Amino acid sequence: MKNSQGIVLGIETSCDETAVGIVSGRKLLANIISSSVTEHARFGGVVPEIASRAHLEAMPGVIKSALDEAGLSIKDIDAFAVTAGPGLIGALVVGTSSAAGLALALDKPLYGVNHLSAHIAVDSLNSDHKLEPAIALLVSGGHSSILQVNDLTSDVKTLGSTIDDAAGEAFDKIARLLELGFPGGPAIDIDAKNGNPDAIDFPRGLTLAKDLVGHKYDFSFSGLKTAVSRYLAKTPDHIRSDVSASFQEAVADVLLRKAIGAATDSGIDTLIIAGGVAANSRLRFLAQERAAAAGIRLRIPPMALCTDNGAMVAAIGALAVAKGLAPSEIGLQADSSSGISRPIF
Amino acid sequence: MTNFLLIDTSTSRTSVAISDGSKSLFEKHHDGALSHGEVLPKLISEALAVENKIDQVIVGMGPGPFTGLRSGIAFAMSFAFARGIPWSGVCSLDAIAADVTSQDFFVAVDARRKEVFYARYTDGKRIGEPGVCQPAQLIPNQIPIHGEAHNEYPNPINFVEIFKNSVSYCEPIYVRRPDAYPAPVGVKFRALTQLDLVPAFAIEKAAYGKDGWTMAQLKEEYGGKDRMYVAGEFGGELIAYAGVVNLAGIADVLTLTVAESHRRKGIGRELLRRLIDWARTQKCDAIMLEVRVGNEEAIPLYESFGFIEISRRKDYYGPGKTAIVMRKELK
Ligand SMILES: [Zn+2]
């Protein structure tokens, strides 16, 4: 087992994206994504069995395309990494089994990685900045948390998380109420561009003085969702883009208040924003503004690396290789609910 | 010599073998694996320690429970790709049948949900493609049934012969469709109004006969702050309706009915999702419903939303008509 070059191929199948990325150390070589999202759009959400079938169908082609993009042969890969959780179990298993097949065929090490850590680790690519310590705001369809990253591959602490819906889930639900379709994030982002973010004063969950005692860095989006649905019910002639913009403003505002608060409180002056919701244009804009005002260094991965992808899996795999961490055991088990305290399996 | 790596994960048994085409070089299996994905790589690395030169991979394509099945196929495909060797798929049931000497028999394996995947074999040949049914449906044929129920599992050593003598499969043999139906195209969902009660009663009567609500009951159940009704409309006509009530923090589905001519279009799924969403906005702890025993369309739908059976009520829908009570936690 030689890791001389640190070329790592990463596989991601935790939800509806079949994705393979290849990195060499901290350099991105390839990032290929095949999505079954259009097949799920008809159902207004991801159907696990449809996602799993699509992963198996897409996998060989996605692996080949990634190798082509990187100009490599499979034999050039030094190590493999795969998302082992959290995610849909049937979907994860397609990824872990494919990765095990590649690693065993070539007798190369395999690292099972945590999907959430991978979202943050993608920040390491194509740059040589110091990675840790950092505060990370991780916002996606399944997760909304504020993390303290002392070491990406071994020491990530959760400072706060959502007590009900994830931010991305709230986007999906409100998009459904507004009949904007699925997935909701991009749809609301576009609709909101024509609206006034200050038109409606939607609530900011868990920001009152009494909430801050037990939930300083926690989020709650269910009250916001109820408020939007009540507003729509009692305002038949509402302007939809104003609702989109005001809802989006409420989400972005509360996410940033808490994330920047965590950075300021901890004295860690770097904030990483990662996960699918980090692709939201209003969140990106407000984050620039507020981080600058607070004297915090802000890092947000490029849009294409915010949503689920294989490069992020390869990236954390490469960090593990560089640190000389032991690979995962043969027959690593996918864990649908694995926590971030275990970045590498 | 061609060395074959043979893999099957279509049943609760995970099996790996290596054959040189005429004799077995390695054979091992693991029973009752909760996770094939965990066991398979371990068996493979044992196999490779015995014989690392592999020229072709053959994998069982099922039918079988989907997640386990896919783990074997995904492994086989990428192993073959990484080694630059071919892979092929065969029907897993054939590898049980190959060990049976009877003239005419069924092979059946567990398909979950109290069903089996099966195929019939006569004179050593499979008749048609595998199917899925309840085990009791095979019994009246009065021919032997081989398979998982009798501890007979696909033996991958048989894959080499099967591969040489029959068509290979390049996709998993799923038999069942995913629990999702095409989108309800052209169906509009909105709140149920007073004006809908007459057409709703017509649908109710057609669907349940005299077990259904009377017009008076329908009027009484409709309305009230503690409940919500949703309607599905197609071409300006009511075709479906559903209602839910919040009883002290537990939501109870009052009705969910789709006109016969519009079933199997995903309308029930959409209605149910709206009821669940409403129950969540009411901060309900759980949502419950009753369904007739043997309603094979509705039960899988409810299960796919995470409803589980908690009890049964005898004579709920009239004498001899038992209801299954199902519950889904929302907290
Ligand atoms: Zn993600």
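Residues numbered from 1 in each chain as written. Chains lettered and ligands numbered in written order. Predicted model: local features only at pLDDT ≥ 70, side-chain atom pairs only at ≥ 80, totals over all residues. Heavy atoms only, no water.

**Student:** Could you give me a rundown of the overall build of chain A, with the residues and numbers involved?
**Tutor:** Helices and strands together make up the secondary structure of chain A, namely eleven helices and ten strands. The C-alpha radius of gyration of chain A comes to 20 Å, within 12% of the 20 Å expected for a compact globule of 345 residues. Projected onto its principal axes, the C-alpha positions of chain A cover 65 × 45 × 30 Å. Across chain A, the fraction of contacts at a sequence separation of at least 24, relative to all contacts at a separation of at least 6, is 75%. Carbon together with sulfur atoms contributes 53% to the accessible area of chain A, which is approximately 12700 Å² in total. Taking the average place of the 29 positive charges on the side chains of chain A and the average place of its 37 negative ones, the gap between the two points comes to 2 Å. (Helix = DSSP H or I, 4+ residues; strand = E, 2+ residues; numbered from the N terminus. Rg over C-alpha atoms; globule rule 2.2 N^0.38 Å. Contact = heavy atoms within 4.5 Å. Areas by Shrake-Rupley, 256 points an atom, 1.4 Å probe, with all protein chains shown as cover. Lys, Arg positive; Asp, Glu negative; His and termini not counted. Charge placed at Lys NZ, Arg CZ, Asp CG, Glu CD.)

**Student:** Lay out the pairing of strand β7 (residues 144-151) of chain A in plain terms, naming residues and giving numbers.
**Tutor:** Residues and elements named next belong to chain A. β7 sits mainly inside the fold: seven of its eight residues count as buried. Two strands pair when backbone bridges link them, and strand β6 (residues 134-139) and β7 are joined in this way by six bridges, in the antiparallel orientation. Directly across from Ala136, in β7, lies its bridge partner Leu147. Where β6 folds back onto β7 in an antiparallel hairpin, the turn is made up of four residues. Bridging between β7 and strand β8 (residues 155-161) involves six bridges; their strand directions are antiparallel. Pairing of Leu147 across the sheet is with Thr158, part of β8. Here β7 folds back onto β8, and the loop between the two strands holds three residues. (Buried < 20%, exposed > 50% of the residue type's maximum accessible area, 1.4 Å probe, protein only. Pairing = 2+ DSSP bridges.)

**Student:** Explain the UniProt feature "domain: N-acetyltransferase" (unreviewed entry) in chain B residue by residue, including any values.
**Tutor:** The UniProt feature table records "domain: N-acetyltransferase" (unreviewed entry) at residues 187-331 of chain B. Taken end to end, residues 187-331 of chain B has its terminal C-alpha atoms 31 Å apart, with 28% of it in helix and 37% in strand. (UniProt positions renumbered as here; feature names shortened; annotations may be inferred.)

**Student:** Explain the sheet that holds strand β2 (residues 17-24) of chain A to me, and be specific about the residues and the numbers.
**Tutor:** All names here are of chain A. As summarised here, the arrangement of the five strands in space is β3-β2-β1-β4-β5, forming an open sheet in which the pairing is mixed. For this open sheet the edge positions go to β3 (27-35) and β5 (110-114), each flanked by a neighbour on one side alone. Adjacent strand axes in the sheet meet at a mean angle of 20 degrees when their direction is disregarded. Examined bridge by bridge, strand β1 (residues 7-12) and strand β4 (residues 79-85) share four bridges and lie parallel to one another. Paired with Gly10 across the strands is Ala81, a residue of β4. On top of the sheet, helix α2 (residues 48-70) reaches β1, β2 and β3; it is set at about 25 degrees to β2, its chief contact. (Axes fitted to C-alpha atoms, helices over the stretch in contact; angles between N-to-C directions.)

**Student:** So, the interface of chain A and chain B: which residues are in play, and what are the values?
**Tutor:** Residue-level contacts link 33 residues of chain A with 35 residues of chain B. Here chain A and chain B share an interface that buries about 3100 Å² over both sides, 66% of which is from carbon and sulfur atoms. Applying the counting rule to chain A against chain B returns two salt bridges. With a shortest N-O distance of 2.7 Å, Arg176 of chain A and Asp277 of chain B are connected by a salt bridge. Counting every contact that joins chain A to chain B gives four residue pairs in polar contact (both at pLDDT 80 or more). Looking at the side of chain A that touches chain B, the elements that each hand over two or more residues are α2, α3 (89-106) and α5 (167-177) of chain A. Element by element, the count of residues in the side of chain A that touches chain B is highest for α3 of chain A, at eleven residues. Here the side of chain A that touches chain B is composed, by residue class, of 17 nonpolar, nine polar and seven charged. (Buried area = accessible area lost by both parts, 1.4 Å probe. Salt bridge = Lys/Arg side-chain N within 4 Å of Asp/Glu carboxyl O. Polar contact = N/O pair within 3.5 Å; in protein donor to acceptor, adjacent residues only side chain to side chain. Nonpolar A, V, L, I, M, F, W, Y, C, P; charged D, E, K, R; others polar.)

**Student:** Quick one: what's the story with helix α5 (residues 197-208) of chain B, residue by residue and with numbers?
**Tutor:** At 3.6 residues per turn, the α-helix brings residues three or four places apart onto the same side. All names here are of chain B. Taking 1.5 Å as the rise per residue, α5 with twelve residues should run 16 Å; its terminal C-alpha atoms sit 16 Å apart, in good agreement. For α5, every residue scored as buried is listed here: Leu197, Ala200, Ile203 and Glu204. Looking down the long axis of α5, one finds its buried residues gathered within 115 degrees of arc, a one-sided arrangement. Exposed residues on α5 whose side chains face more than 90 degrees from its buried face are Val198, Lys205 and Ala206. On the buried face of α5, the contacting elements are α6 (215-221), β12 (237-247) and β13 (250-258). (Expected span 1.5 Å × (residues − 1). Arc of directions from axis to C-beta.)

**Student:** Account for the domain arrangement of chain A, with residues named and values stated.
**Tutor:** All names here are of chain A. Segmenting chain A into domains produces domain 1 (7-125 + 306-322) and domain 2 (134-300). One C-alpha centre belongs to domain 1, the other to domain 2, and the line joining them spans 27 Å. Listed by partner, the interface residues are 18 residues for domain 1 and 19 residues for domain 2. Overall, the association of domain 1 and domain 2 removes approximately 1400 Å² of surface from exposure, summing both partners, and the carbon and sulfur fraction of that is 77%. Across the contact surface, domain 1 and domain 2 share one salt bridge. Asp123 is the salt-bridge partner of Arg299, the closest N and O atoms lying 2.8 Å from each other. At the level of elements, α1 (37-41), α4 (115-121) and α11 (311-322) are the ones that each hand at least two residues to the side of domain 1 that touches domain 2. Considering every element that reaches the side of domain 1 that touches domain 2, the biggest residue donor is α4, with five residues. The residue inventory of the side of domain 1 that touches domain 2, partitioned by class, reads eleven nonpolar, six polar and one charged. (Domains from an automatic or database assignment.)

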